[in-house]
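Structural description and commentary
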Amino acid sequence: MIPLFICHANCSRSMIAAYLFRDIAGAPALSAGMEAGDLPAQRAVEMLAYWGIDARAHRPRQVDRPVCDQGGLSSS
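Residues numbered from 1 in each chain as written. Predicted model: local features only at pLDDT ≥ 70, side-chain atom pairs only at ≥ 80, totals over all residues. Heavy atoms only, no water.

Along helix H2 (residues 42–50), the residues that are buried comprise Ala44, Val45 and Leu48. Along the axis of H2, the buried positions cluster into a sector of 100°, meaning they face one direction only. Opposite its buried face, H2 presents the exposed residues Gln42, Arg43 and Tyr50, each directed more than 90 degrees away. A positive backbone phi angle near 80° is found at glycine 52, which sits one or two residues after H2. (Buried < 20%, exposed > 50% of the residue type's maximum accessible area, 1.4 Å probe, protein only. Helix = DSSP H or I, 4+ residues; strand = E, 2+ residues; numbered from the N terminus. Arc of directions from axis to C-beta.)

Right, dumping it as structure tokens:
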């Protein structure tokens, strides 16, 4: 099972959590939002860059069946 971090727009909180998890745990993580925004928040990208994590390529994603399947969250 892959952790799935979810917040409102996937532009800041869930994005930061997933990138930090990947960096610290060295394991995959997913992130999504209930209503995905257009672009990541510049402040979030800058904060991650401060810690040496490049999140410039992040594109907000809405929670949907495929992302839940990837995280092992969908029930059969």
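There's more to say after this.
With that settled, consider the nonpolar core. Among the nonpolar cores identified, the biggest contains 8 residues, and these are Met15, Ile16, Tyr19, Ala44, Val45, Leu48, Ile53 and Ala55. Elements with a contribution of two residues or more to this core: helix H1 (13–25) and H2. Those residues within four positions of leucine 48 in sequence are excluded, and the remaining contacts are Met15, Ile16, Tyr19, Leu20, Ile53 and Ala55. The next biggest cluster of nonpolar side chains, apart from the first, holds 5 residues, and it includes Leu4, Leu30, Ala32 and Val67. (Core = buried A, V, L, I, M, F, W, Y, C linked by side-chain atoms within 4.5 Å. Contact = heavy atoms within 4.5 Å.)

Across its 13 residues, H1 extends 18 Å between first and last C-alpha, which sits within 8% of the 18 Å expected from 1.5 Å per residue. Contacts from the buried residues of H1 go to strand E1 (4–7), strand E2 (30–33) and H2. Phi turns positive, to about 65°, at glycine 26, one or two residues after H1. (Expected span 1.5 Å × (residues − 1).)

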